[in-house]
Amino acid sequence: MIISSKANPIIKKISSLAEKKYRRQYGEFIVESVKAVGECVASDMEISAIVCTQKLADNYENAIVVTDELFAHISTEKTPQGVLAVVKMPDASVKPPKSCCLLLDRLQDCGNVGTVIRTANAAGYTDVYLVNCADAFSPKAVRASMGGIFHVNVHEGDYGEVFAVLDGVPIISADLHGENIFDFNAPTKFCLCIGNEGGGVSNTVSEHADYTVKIPMRDTCESLNAAVSAAIAMYVLKN
């Protein structure tokens, strides 16, 4: 059976997952593209359903098959590849970190959040804490994470919850007025804090910071993109 109607209850539910409130209501999010779905299947994530077009149906067992037109309707991609997975959202409650970790403080761009998660996975930061950030499970963030969302523990909470589980973990804040990061010797285990794209770290984070570091820049450059700054700092601090 090939589904063609936008009014189909399954299709309506999947379409709704483009919005945060429905992702939270159903506890599910969307993973899209052949590569991303393949990585998701190979990970420990729990998949509720796979939806694909007829030409890809033989590649996915028990997939929900839809017409090309309907897939284009439910897709969040500019150029849909014809397959998406509906995935159970992992537990995002705040728990203590297993090793070096990140605190993202009010990052508002989904692309930045996803890119930081991608780099965290690559650099071996197993836990990422989000306080008042864009949704890490939005289609844009998931896409930007390039599979990192499947391998990094995402924790969402307020400052009190996060700093409670980070008790005893040295806090390193990235700020324009800190010590040159290339001259800084980081402790073995730490939490790196990256602040808001326009305003930097909050006063709350600054008050909890044990160290403050900066990435040196020419006078002609006012600041770096938050995700770029996070990537540089992650690798430099673990050297």
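Please read all numbers here as calculations on a predicted model, not as lab measurements.

> Sorry if this is basic, but what is going on with the overall build of the chain here?
When its secondary structure is counted, the chain shows 9 helices and 10 strands. The dimensions of the chain, computed from C-alpha atoms along their principal axes, are 60 × 40 × 30 Å. Here the chain holds 239 residues, and 49% of them are scored as buried. Considering only residue pairs separated by 6 or more positions, the chain has 77% of its internal contacts joining residues 24 or more positions apart. About 11,800 Å² of surface is accessible on the chain, with carbon and sulfur atoms providing 48% of the total. In the chain, 21 side chains carry a positive charge and 28 a negative one; their mean positions are 5 Å apart.

> How should the nonpolar core be read in this particular structure?
The nonpolar side chains of soluble globular proteins are, as a tendency, buried together. Within the largest apolar cluster, 51 residues are counted, with the highest numbers of intra-cluster contacts made by Val 31, Tyr 125, Leu 192 and Met 234. Take this core: its biggest share by element is 7 residues, from helix α9 (residues 226-237). Sequence-distant contacts of Tyr 125, that is, excluding residues within four places in its chain, are made with Cys 100, Cys 101, Leu 102, Ala 120, Val 152, Phe 190, Ala 233, Met 234, Leu 237 and Lys 238. Core analysis: the second largest hydrophobic core is formed by 16 residues, Phe 163, Leu 166, Val 169 and Ile 171 among them.

> Is there a simple way to explain the environment of Ala 144 in this structure?
Note that Ala 144 resides in helix α6 (residues 139-145). In the structure, Ala 144 is positioned 84 residues away from Tyr 60 in sequence and 24 Å away in space, judged by C-alpha atoms. Residues in contact with Ala 144, not counting those within four places in the same chain, are Gly 111, Gly 114, Thr 115 and Arg 118.

> Explanation requested: the packing of aromatic side chains in the structure shown.
Aromatic ring pairs: the centre-centre distance and the angle between the two ring planes describe each pair. Tallying each qualifying case throughout the model produces 4 aromatic pairs. Arranged with centres 6.0 Å apart and planes meeting at 65°, the rings of Tyr 125 and Phe 190 form a pair that is edge-to-face. You can see Tyr 125 sitting in the loop between α5 (110-123) and β6 (127-131) and its partner Phe 190 sitting in the loop between β8 (171-180) and β9 (191-194), a full 65 residues away along the chain. Residue class for Tyr 125 comes out buried when judged on its relative accessible area of 1%. Residue Phe 190 is classed as buried on the basis of its relative accessible area of 1%.

> Explanation requested: the environment of Asp 44 in the structure shown.
Summarising the element assignment, Asp 44 is placed in the loop between α3 (34-42) and β2 (47-53). Here the alpha-carbon distance between Asp 44 and Pro 170, two residues 126 residues apart in the chain, equals 30 Å.

> Honestly, the sheet that holds strand β4 (residues 83-88) in this entry has me stumped. Any pointers?
Backbone hydrogen bonds hold the strands of a sheet together, and the pairing may be parallel or antiparallel. Across the sheet, 4 strands lie side by side as β1-β4-β2-β3; this open sheet has mixed pairing. Each edge of the open sheet carries a strand with a single partner, namely β1 (28-32) and β3 (64-66). Pairs of neighbouring strands in the sheet enclose a mean axial angle of 25°, with direction left out of account. One ladder, built from 5 bridges, connects β1 with β4; its direction is antiparallel. Its bridge partner being in β4, Glu 32 is matched across the sheet by Leu 84.

> Any chance you could explain the sheet that holds strand β10 (residues 211-214) here in plain terms?
Spatially, the 6 strands line up as an open sheet ordered β7-β6-β5-β9-β8-β10, and their pairing is parallel. In this open sheet, the two edge strands, each paired with only one partner strand, are β7 (153-156) and β10. For this sheet the average axis-to-axis angle between neighbouring strands, irrespective of direction, equals 35°. Bridge count for strand β5 (residues 101-105) against β9 is 4 bridges, and the pairing is parallel. From the neighbouring strand, Leu 103 faces β9, where its bridge partner is Cys 193. Packing of α5 onto the sheet brings it into contact with β5, β6 and β7, and relative to β5 it is tilted by some 170°.

The rules we used
- Starting from 1, residues in each chain are numbered consecutively following that chain's sequence as written.
- Where local features are concerned, this predicted model is filtered to residues with pLDDT of at least 70; where side-chain atom pairs are given and counted, the filter is 80 or more; whole-chain, interface and lining totals use all residues.
- Here the side-chain values reflect all heavy atoms present in the structure, with hydrogen atoms and water set aside.
- By the criteria applied, helices consist of DSSP H or I runs no shorter than four residues and strands consist of E runs no shorter than two, each listed in order from the N terminus.
- Categorising residues by exposure relies on relative accessible area from a 1.4 Å probe, with only protein chains included: less than 20% of the type maximum marks a residue as buried, more than 50% marks it as exposed, and the intermediate range marks it as partly exposed.
- By definition, residues are in contact when any of their heavy atoms lie within 4.5 Å.
- For accessible areas, the Shrake-Rupley method is used with a probe of radius 1.4 Å. Any residue's cover is judged against the shown protein chains and nothing else.
- Charge counting follows a simple rule: Lys and Arg are positive, Asp and Glu are negative, and His as well as the terminal groups are ignored.
- To locate a charge, the coordinates of NZ of Lys, CZ of Arg, CG of Asp or CD of Glu are taken.
- Throughout this description, the term nonpolar core refers to a set of buried Ala, Val, Leu, Ile, Met, Phe, Trp, Tyr and Cys residues connected via side-chain atoms within 4.5 Å.
- Ring pairs shown here join Phe, Tyr and Trp side chains whose ring centres sit within 6.5 Å, with only the six-membered ring taken for Trp; geometry is labelled stacked below 30 degrees between planes, edge-to-face above 60, and tilted in between.
- By the convention used here, strands pair only if DSSP detects at least 2 bridges between them.
- With axes taken as lines fitted to C-alpha atoms, and helix axes fitted only over the stretch in contact, angles between N-to-C directions fall between 0 and 180 degrees.

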